[in-house]
Amino acid sequence: TTVPGAGPPVPIGTAQSSNWSGYSAAGGPYTVVKGTFTIPTAVAGTPSRDQVAEWVGVDGTTASDPSLIQAGVDEHTDPANPAGVVVEPWWEILPATATPITSVQVSAGDQVTVTIWQVSGTSWEISLVDDTTGKAFTTPPEKYTGPGSTAEWIVEATTVCRARCRTAPLAPYSPPVTFSDLGTTGPVTSLQEISMVQGPGDVSGPSAIGPNGFQVSYTGMQFFT
């Protein structure tokens, strides 16, 4: 696999987003993407509508490409216990909503590895492994028809759909999320460093990317709502 940040230098652009922070690789087409990340904890007491998630995925970086296949972990304050934090693994292929992974229990501080690969044609599979506990989940073959033109390693303020869909405020999180063991099957011709901006300014941003990966840190106010 190609390891972004470890090969010959490629152009690195910068972008701002209201819901993503991390790195996107372009080149491809990508038929495998993988990455390992650490699970932070959302700050207890933050409004439960505030969300933070970490994931690895393929596609979805532009408005002209609504495709996205991804898997990761979500954290938010427990609505039933403001002193507690809910930590949930999931997988998703747009336009369907995220599917919880109930067979793998994960906790803040665990290290998780996500691998997404094309089996053949439009058949893809997704694996999520909690490296700390050894618990693992793999989907059966799922249909995915996206172009595979980008690969991502992201900390996100997720989209919440109730009466309407909207980007949730990013929940304050700590410690920084470390992404490592990054890999793709296709060439990386460029990288994009993405910072998340909500309200008055940056709330989450990545460090420089290198052979060992990168970190994404919360940079907003402690109780940004």
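Look up a bit, the structure's there.
The subject of this paragraph is the layout of surface pockets. Taken as a whole, the largest pocket encloses approximately 820 Å³ of empty space. If you trace the largest pocket, you find 33 residues lining it, with Glu 92, Thr 97, Ala 98, Thr 158 and Thr 159 closest to the centre. Elements that contribute at least two residues to the lining of the largest pocket include exactly strand E5 (52–58), strand E6 (69–78), strand E7 (81–93), strand E8 (99–100) and strand E14 (159–161). Considering each element in turn, the lining of the largest pocket owes the most residues, five residues, to E7. Residues of the lining of the largest pocket, tallied by class, amount to 16 nonpolar, 11 polar and six charged. Estimated volume of the second largest pocket: approximately 150 Å³. Taken together, 13 residues line the second largest pocket, and the ones lying closest to its centre are Gly 5, Ala 6, Gly 7, Pro 8 and Val 10. Residue composition of the lining of the second largest pocket, by class: 10 nonpolar, three polar and no charged.

Tallied over the entire structure, the rule returns one salt bridge. Asp 50 is the salt-bridge partner of Arg 49, the closest N and O atoms lying 4.0 Å from each other. What makes Arg 49 partly exposed here is its relative accessible area of 36%.

Attention shifts here to unusual backbone geometry. That bond from Gly 28 to Pro 29 is cis: its omega, 0°, falls within 30 degrees of zero. Tracing the backbone through its elements, the reader meets Pro 29 in the loop between strand E2 (20–27) and strand E3 (32–38). Looking along the chain, the bond that leaves Leu 94 and enters Pro 95 is cis, with omega of 15°. Considering the arrangement of structural elements, one finds Pro 95 in the loop between E7 and E8. One non-glycine residue, Asp 181, lies in positive phi territory at about 50°. A relative accessible area of 51% means that Asp 181 is categorised as exposed.

Scoring rules and cut-offs
- Residues numbered from 1 in each chain as written.
- Predicted model: local features only at pLDDT ≥ 70, side-chain atom pairs only at ≥ 80, totals over all residues.
- Heavy atoms only, no water.
- 1 Å grid on protein atoms, 1.4 Å probe; cavity = no way out; pocket = protein on both sides within 12 Å on 5 of 7 lines; lining within 4 Å.
- Points joined across faces, edges and corners; volume = space filled by probe spheres on them.
- Helix = DSSP H or I, 4+ residues; strand = E, 2+ residues; numbered from the N terminus.
- Nonpolar A, V, L, I, M, F, W, Y, C, P; charged D, E, K, R; others polar.
- Salt bridge = Lys/Arg side-chain N within 4 Å of Asp/Glu carboxyl O.
- Buried < 20%, exposed > 50% of the residue type's maximum accessible area, 1.4 Å probe, protein only.

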